[in-house]
Amino acid sequence: MTDLEPRKGTPSPRLTEAEFRRRFLEQFQDPTYDPLQAELGRVTDAAWDAYSHSRKSPRTRKAGPGFADPGYDLSVDWIAARDAIREAQRRHDDPALPARILLISGSSRSEHTCPGEMSKTFRLTELARQVVEAAEGVEADVLDLSRLASEYGRHIHPCKACFSTSPALCHWPCSCYPNHSLGQVQDWMNDIYPLWVAARGIMIVTPVNWYQVSSPLKLMMDRLVCADGGNPDPTLTRGKNAKRAKEIEMAGWDYPRHLAGRLFSVVVHGDVEGASDVRRSLSDWLTYMHLEPAGSLAEMDRYIGYWEPYATSHAALDADEAIQEEVRNAARTLVEAVQAQRAGRQVAAGAALREPRQK
């Protein structure tokens, strides 16, 4: 018989109380906190108690009807995330509502933090937004991932790779976060999942960072693993019971594709190398999750100011009207594919093409 016992042996990450207290108090370095040392001491005591007793989900309620184990204590955080996804799916399926197109700006650069300047990615996303908002029967949602670097309390925590132990252990939506005992809170993904679910079309615009997508985009991608084969019922595995999840998988798992059928567009821009590789990687990832390409014009990889100074890269984009129009064409192609899908017909290849103006 296959050995389903989880393999163990990595070093423990548990902290001593002294080290925990030192790390916890690091977040209160501003002199404004100096008069509050007694209060901070009591808060640190409470935080240590939560950590030392591993209270990941301190607030729970019974799962109730519709779950394999209605009497299981489910995290209220997870229930709220599940309910938001269900409402997003209802909006996705309602023919009386406008079709939603999710535009994702993948750069972490903005003028609101260290770089002091907006990204070209955001500018290209804005071009796409204008196309979507001018179209009939569709509405745009913009997900600007630069907020991960510039907004207080905005995090996408890393994927813990539960799926690699067993897909049944990877819950949809992700139940790894928030983890209150470890301070792994304010996770953005519970807001992001409903955006993907509600959308009929997804357009990702990203720069190339060291031959890859940006770090915020990669964090989001990894955390979307639960959308492709993940388990929508944590009571099946009684939470994070690895051996039970393996047993469930071996008994037969259907790998539910929670985002299947949505259409996608990918726009990748670089300055030296790697744009085509990143575009193919993103397209392969989305196709593997059973999303559908909107058309050849909706997928593009280009260079802006190839091997030119970074200081003048926005001026290079200003001058490159052809790339600007190609981005509009990608958005038009996605919009027309979404409209066609909703109407139960197929859009003709290249129907959205507009000739770019000559430079």
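Residues numbered from 1 in each chain as written. Predicted model: local features only at pLDDT ≥ 70, side-chain atom pairs only at ≥ 80, totals over all residues. Heavy atoms only, no water.

As for the packing of aromatic side chains
A complete count under the given rule lists eleven aromatic pairs for this structure. For the pair Phe28 and Tyr33, a centre-to-centre distance of 5.1 Å together with 75° between the ring planes defines the contact as edge-to-face. Measuring from ring centre to ring centre gives 5.9 Å for Trp196 and Trp285, while their planes differ by 70°; the resulting arrangement is edge-to-face. Highlighted residues: Trp196 in helix α6 (residues 189–198) and Trp285 in helix α9 (residues 275–288), separated in sequence by 89 residues. Both residues of the pair, Trp196 and Trp285, count as buried. Of the aromatic side chains, those joined through ring pairs into one cluster are Phe20, Phe24, Phe28, Tyr33, Trp48 and Tyr51. One cation-aromatic arrangement involves Arg14 over Tyr51; the distance from NZ or CZ to the ring centre is 4.0 Å. (Phe/Tyr/Trp six-rings, centres within 6.5 Å; stacked < 30°, edge-to-face > 60°. Helix = DSSP H or I, 4+ residues; strand = E, 2+ residues; numbered from the N terminus. Buried < 20%, exposed > 50% of the residue type's maximum accessible area, 1.4 Å probe, protein only. Lys NZ or Arg CZ within 6 Å of the ring centre and 35° of its normal.)

Examining α9
Taking 1.5 Å as the rise per residue, α9 with 14 residues should run 20 Å; its terminal C-alpha atoms sit 20 Å apart, in good agreement. Along α9, the residues that are buried comprise Ala275, Val278, Leu282, Ser283, Trp285 and Leu286. Projected onto a plane normal to the axis of α9, the buried residues spread over an arc of 160° and lie on a single side. Across α9 from its buried face, at more than 90 degrees, point the exposed residues Asp284 and Tyr288. As for α9, its buried residues are in contact with α6, β5 (199–207), α7 (215–223), β6 (263–270) and β8 (299–303). (Expected span 1.5 Å × (residues − 1). Arc of directions from axis to C-beta. Contact = heavy atoms within 4.5 Å.)

Things to note about the confidence of the model for the protein chain
For the protein chain, the mean per-residue pLDDT works out to 95, and 96% of the residues sit at or above 70. Low pLDDT, under 50, characterises residues 350–359; the stretch is placed with 21 contacts to residues that sit more than four places away or in other chains. (pLDDT = per-residue confidence, 0-100.)

Quick look at the environment of Thr125
Assignment of secondary structure puts Thr125 in helix α4 (residues 120–134). Along the chain, Thr125 and Arg328 lie 203 residues apart, while their C-alpha atoms are 9.4 Å from each other. Those residues within four positions of Thr125 in sequence are excluded, and the remaining contacts are Leu103, Ile104, Ser105, Val142 and Val205.

Examining the pattern of salt bridges
Tallied over the full model, the rule gives 30 salt bridges. Measuring nitrogen to oxygen at the nearest pair gives 2.7 Å for the salt bridge that ties Arg23 to Glu19. Of the two residues, Arg23 and Glu19 both sit in helix α1 (residues 17–25), four residues apart, roughly one turn of that helix. Here Arg23 falls in the partly exposed class, since its relative accessible area comes to 46%. A relative accessible area of 22% places Glu19 in the partly exposed class. Among the salt bridges present, the one from Arg91 reaches Glu87, with a minimum N-O distance of 3.8 Å. Remark: Glu87 and Arg91 occur in helix α3 (residues 76–93); sequence separation between them is four residues, near one turn of the helix. Residue classification places Arg91 among the partly exposed positions, given a relative accessible area of 31%. (Salt bridge = Lys/Arg side-chain N within 4 Å of Asp/Glu carboxyl O.)

Remarks on the packing of α4 against helix α11 (residues 321–343)
Where α4 meets α11, the axes come as close as 9 Å, and the angle between the chain directions of the two elements is 45°. In terms of their interaxial angle, α4 and α11 are classed as oblique. You can see that α4 and α11 cross each other, and the crossing is right-handed. On the side of α4, the interface is formed by Leu124, Leu127, Ala128, Val131 and Val132, while α11 contributes Gln324, Val327, Arg328, Ala331, Arg332 and Val335. Residues of the contact of α4 with α11, tallied by class, amount to eight nonpolar, one polar and two charged. (Axes fitted to C-alpha atoms, helices over the stretch in contact; angles between N-to-C directions. Parallel < 35°, antiparallel > 145°, perpendicular 65-115°, else oblique. Left-handed = near helix turned anticlockwise from the far one by under 90°. Nonpolar A, V, L, I, M, F, W, Y, C, P; charged D, E, K, R; others polar.)

So, unusual backbone geometry
Going from Trp172 to Pro173, the amide bond is cis rather than trans, its omega being 0°. Positionally, Pro173 belongs in the loop between α5 (147–150) and α6. Residue Pro178 is reached from Tyr177 by a cis peptide bond, and omega for that bond is -5°. Its place among the elements puts Pro178 in the loop between α5 and α6. Positive phi values are uncommon outside glycine, yet Tyr255 reaches one of about 45°. Within the secondary structure layout, Tyr255 lies in the loop between α8 (242–251) and β6. Positive phi is not limited to glycine here, since Trp307 has a value of about 55°. Position of Trp307 among the secondary structure elements: in the loop between β8 and α10 (313–319). By relative accessible area, which is 61% here, Trp307 ends up exposed.

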